[in-house]
Amino acid sequence: MKYTITAIANLRHYLPGASESMALEGGENEEAGAIARLAGIPEGEIMALKVGGEVVAPDYRLKEGEELVVYPVLSGG
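Just so you know, these numbers come straight off a predicted model, no measurement behind them.

### Observations regarding the sheet that holds strand β3 (residues 46-51)
Reading across from one edge, β2-β1-β5-β3-β4 is the order of the five strands in this open sheet, with mixed pairing throughout. Each of the sheet's edge strands pairs with one partner strand only, and the pair in question is β2 (21-25) and β4 (54-56). Taken over all neighbouring pairs, the strand axes of this sheet differ in orientation by 35 degrees on average, direction set aside. As defined by bridge partners, β3 adjoins β4 across three bridges and the pair is classed as antiparallel. Bridge pairing links L49 to V56 in β4.

Listed below in structure tokens is the structure:
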């Protein structure tokens, strides 16, 4: 199945060419956390996962064509 992942802010450097979004293939109804890992984004750098504008748990099962948006842990100084 084909999924789209969008990485916000500093998480973009994990995607090929530091692009904002990418399409990738996965199994049927993959978990959101698994898709983020498949894209190479470390779990410890993820603050939130969203699908359709709603925050979802890492075990949320994506449907084909859904876009997963991955938000980084915030830091300041």
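### What to know about unusual backbone geometry
Backbone geometry at A9 places phi at a positive 55 degrees, although glycine is not the residue there. Looking at the element boundaries, A9 is found in the loop between β1 (2-7) and β2. Judged by its relative accessible area of 47%, A9 falls in the partly exposed class. Backbone geometry places N29, a non-glycine residue, at a positive phi of 50 degrees.

### Quick word on the pairing of strand β5 (residues 67-72)
Across four bridges, the pairing between β1 and β5 is parallel. Its bridge partner being in β5, I5 is matched across the sheet by L68. When β3 meets β5, the two strands line up antiparallel, connected through five bridges. Directly across from L49, in β5, lies its bridge partner V70.

### What about the environment of G27?
Positionally, G27 belongs in the loop between β2 and α1 (32-38). For G27, a relative accessible area of 30% corresponds to the partly exposed category. The spatial distance from the C-alpha of G27 to the C-alpha of G40 is 16 Å, given a sequence separation of 13 residues. Ignoring sequence-local partners within four residues, the contact set of G27 consists of M1 and Y3.

Rules used in this analysis
Residues numbered from 1 in each chain as written. Predicted model: local features only at pLDDT ≥ 70, side-chain atom pairs only at ≥ 80, totals over all residues. Heavy atoms only, no water. Pairing = 2+ DSSP bridges. Helix = DSSP H or I, 4+ residues; strand = E, 2+ residues; numbered from the N terminus. Axes fitted to C-alpha atoms, helices over the stretch in contact; angles between N-to-C directions. Buried < 20%, exposed > 50% of the residue type's maximum accessible area, 1.4 Å probe, protein only. Contact = heavy atoms within 4.5 Å.

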